[in-house]
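Residues per chain are reported as follows:
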Amino acid sequence: MQSGLLSTYNSSARSRGAIGWIISALLFAFYLIIYFTGIFDPIAKSLGLGGKWDMYGVLYTIAIVGGGSYFLKIHGNSRYQRIRTLSLMFVQVIFAFSIPLVMQMFESKGFIFSLFWPLKLDYLSPAYILDYPILIIVYAFIGSLILVPIMTFLFGKRWYCSWVCGCGGLAETAGDPFRHLSNKRSKAWRFEQFSINFILLLAIATTALIIINWGLHHESSQGEWVTDHATFDLIASKIQGVYQFFVVALLSGVLGVGLYPLMGSRVWCRFFCPLAGLMGLIQKFGRFRITVKDDMCISCGNCSTYCEMGIDVRMYAQNNQSFKRASCVGCGMCAHICPRGVLRLENKWDFAPIQNDSNVDILDL
Amino acid sequence: MKYVIIGNGVAGINSANEIRRRDTSAEITIISKESDHFFSRTALMYIFCGQMSQQDIEPFERDHYQRMNYKRVRDEVLRIDTNNKTIYLAKQNTIQYDRLLIASGSVGRLPGFLGEELDEVGNFVTWQNLEWLQEKAKTAKHACIIGGGLIGIETAEILLLAGINVSFIIREDWFWPIALNKNEGDLITEQMKHHSCDVYLKTDLQEIVERDGHVAGIKTKQGDEIDCDLIVFAIGVRPQTDWLKESGIVLDSSGGIVVNEFLQTNVDDVYAAGDCTSVVWFNNVRRPEQLWYTSRDQGKIAGGNITGDKQIYKRGMFYNSAKFFDLEYTTAGYVNFKLDNEADWYQHEQGTNYTQRITYLPDNTVIGFNFIGRRWDHRPLMKWINEKRTLDWVISHLHEANYDEECMPKFTPLTIAKEVQS
Ligand SMILES: Cc1cc2nc3c(=O)[nH]c(=O)nc-3n(C[C@H](O)[C@H](O)[C@H](O)COP(=O)(O)OP(=O)(O)OC[C@H]3O[C@@H](n4cnc5c(N)ncnc54)[C@H](O)[C@@H]3O)c2cc1C
Ligand code: SF4
Ligand code: SF4
């Protein structure tokens, strides 16, 4: 029995009860206000912060550190969980919060080293990145195009999603009490396969547009940055705006966090995040898998219940099938709470065919 | 062909799936008195303490029955007439079958004491038992659990978590001697005491004390008087086959349905699988197995055979795992089987809850493993037993069977010293 999970379903906040809905409504309200109004700016200024986004950064960091401390209290008995959570807290405090803040003092512009394309499209956008010193430009390109794929191949997407990422960081710490609310049904899985790849395509297309559009610009004799393709420029910036609005603001912010108490903490990561989509494709060919110990599973369902990505881990476990799933963020919770020690996260140089997504259903009629 | 399966547990549903896999047009009916959906009995404790919801412990999605085209009947079978192939139900009429598969599982035992019929006395085995315990736990202050096995310790754990004081009455000299040695049993007892469980070893129940029609306490043969308002018997389960007494189907002395190696009963077209089935063990003793994975395997084989396959069910080498509060437990092979001249290599790392016990024969071949405190992979352990590896060889390869979570400190066998204690 795992302390901290005990009264999960006795708590209104954690079982889609009235309190859960209220928390969700408050989160929605908060995100709508911060994205689309300036109400928080004066509040931020009166606290000595630059603006609403600085205030957001402070709140976000507090949520990760506070939630992470609670998580360590209930799951810190597992060394994997301990190291992983400390890493998330460290990255948030140092890379996502402090370094950009210090950079802003000197450079007027901060850079978050723990983000990569296509989670942040700007990192492959010439106009954005060229404002930075050459070292950072090199980092953004190498990080996004080489480091991410290689690390994912070697360790699975977990190295990022549940050890580094800020979105994942919030989900694993402050969002942890809601992890069991993810939908485990095969319908949700089918929707996920469609939606995540769709957003990934959208991200790639938008980036391509941004780069082409930049290529079509040139410096005029007056030293201005102009283009001869005004309509293309208009369409490109419109599409970029639409992506920014729907994907970044709505899906990752408002819905992603607002739905924590209703659909679990990983709605954004599971259904929409383009970086997760990309790493998921690599993960399926990489070394990372979850190994299942034959005939030891008692089908209790702890693993599926507490899988924040809505993977029906039990279905694999009771069929004695080790598996690789694109969406698995390697949080290790399934392995940690399994009362029979059936599951283990492993990286292996072993590419013999392993359970594929399609034939998990026990019977296909 | 009309198949009827009595029992919607792990044996019943797996046999239905195997029938469907072989015969897409068969008419398959599943009868259960306990629940509409197949659920995992092993997970009842997690519902009790709010760690999972009812739907969370159902291993298949709810539309499984529609997708597989199974008809479900929620009713109790009172008796069957195997001559006319008729099933008599409590609420509805009768059901006819061409072929019948019985997977009626087990029920908790009651020892037959006066006072057992009181509302505060029960078992923790079925869904109805769970509902009863949930109801009682709302008001109970002190519970007595009688019987020192796995269901007993699980019940103790969840009642303690619900804030109820628990006295655990165990007849034997230490906890679970059928699988543990004294040192291991003491370790678990310490663990229980650490979680504020009152453990009474070498103690027999003598009497249930009643006051105004309610349970007021118990008395033991050793002279203890314990006030309590809830009693859970965890003294084992027995096959749920009372309704088969007059059917002509042969039962063993424990009530288990006697089957041959194809899981076929003595009556034509009637098969049995799961907890209710009495099979032959490795040492030629016949008895039910009452385990999750054996019930599942039997269900699969009986389901295939009832459609005409000829698969043999063979009792394999024993292995299992469990969890005592926070302590993991893995066993494989023949430990505590009292074979000839067996000896134990036993290590307990002082100050920790890690123990390792390897049972071997005088010629040094290893026959069994008992491990507490860390995770082990039973597959290599069983392979080594089959390969008749020697104790020294096994000890030097032990790390290969370690199955701890990632990032755990690398495992090293405690010591290489050989200690004989029989
Ligand atoms: C609390 C608990 C914990 C356990 N933990 C473990 C564990 O950790 N590991 C392990 O290996 N095993 C464990 N077990 C044992 C395991 O659960 C059983 O071996 C397994 O569930 C047996 O499955 P079955 O399909 O044979 O029967 P059951 O699951 O008992 O199903 C019996 C079915 O038959 C139906 N039925 C019976 N009689 C009638 C009737 N007259 N009319 C209509 N329907 C009827 C019932 O409604 C039910 O659907 C545990 C058991 C309990 C109670
Ligand atoms: S499958 Fe396990 S490791 Fe992967 S996301 Fe789900 S709980 Fe985490
Ligand atoms: S793998 Fe473990 S947690 Fe999952 S259903 Fe099986 S026994 Fe339960």
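Worth saying up front: this structure is predicted, and the values here are computed from it rather than measured. (Residues numbered from 1 in each chain as written. Chains lettered and ligands numbered in written order. Predicted model: local features only at pLDDT ≥ 70, side-chain atom pairs only at ≥ 80, totals over all residues. Heavy atoms only, no water.)

**With respect to the domain arrangement of chain B**
Part 1: Here the domain parsing of chain B yields domain 1 (2–107 + 237–305), domain 2 (121–233) and domain 3 (319–421).
Part 2: For domain 1 of chain B and domain 3 of chain B, the distance between their C-alpha centres works out to 35 Å. (Domains from an automatic or database assignment.)

**Points about the site of ligand 2**
Part 1: Close contacts around ligand 2 come from Ile290, Cys307, Met309, Ile311, Val313, Cys328, Val329, Gly330, Cys331, Gly332 and Cys334 of chain A, and that covers them all.
Part 2: Its residues assigned to classes, the shell around ligand 2 shows nine nonpolar, two polar and no charged. (Near = heavy atom within 4 Å. Nonpolar A, V, L, I, M, F, W, Y, C, P; charged D, E, K, R; others polar.)

**Topic: the site of ligand 3**
Residue and element names in this part refer to chain A.
Part 1: Around ligand 3, the structure places 13 residues, and the nearest of them are Cys297, Cys300, Gly301, Cys303 and Cys338.
Part 2: Those elements that place two or more of their residues in the shell around ligand 3 are helix H14 (302–305) and helix H15 (313–318).
Part 3: Among the residues forming the shell around ligand 3, the class breakdown is nine nonpolar, three polar and one charged. (Helix = DSSP H or I, 4+ residues; strand = E, 2+ residues; numbered from the N terminus.)

**Digging into the sheet that holds strand S15 (residues 225–227) of chain B**
All names here are of chain B.
Part 1: Ordered by their spatial adjacency, three strands build an open sheet running S13-S14-S15, and the pairing between neighbours is antiparallel. Each edge of the sheet is formed by a strand with only one pairing partner; in this case those strands are strand S13 (205–211) and S15. Sheet twist, expressed as the average angle between the axes of neighbouring strands with direction ignored, equals 25 degrees.
Part 2: Here three bridges tie strand S14 (residues 214–220) to S15, and the two strands are oriented antiparallel to one another. Bridge assignment links Gly217 to a residue of S15, and that residue is Asp227. (Pairing = 2+ DSSP bridges. Axes fitted to C-alpha atoms, helices over the stretch in contact; angles between N-to-C directions.)

**Quick word on the interface of chain A and chain B**
Part 1: Contacts between the two partners involve 50 residues from chain A, matched on the other side by 51 residues from chain B.
Part 2: Taking both sides of the interface into account, the surface hidden between chain A and chain B amounts to around 4300 Å²; carbon and sulfur atoms contribute 48%.
Part 3: Linking chain A with chain B are five salt bridges, by the criterion used here.
Part 4: The partner of Arg379 of chain B in a salt bridge is Asp294 of chain A, and the shortest N-O contact between them spans 3.8 Å.
Part 5: Where chain A meets chain B, there are 30 residue pairs in polar contact (both at pLDDT 80 or more).
Part 6: A breakdown of the residues in the side of chain A that touches chain B according to their chemical character gives 22 nonpolar, 16 polar and twelve charged. (Contact = heavy atoms within 4.5 Å. Buried area = accessible area lost by both parts, 1.4 Å probe. Salt bridge = Lys/Arg side-chain N within 4 Å of Asp/Glu carboxyl O. Polar contact = N/O pair within 3.5 Å; in protein donor to acceptor, adjacent residues only side chain to side chain.)

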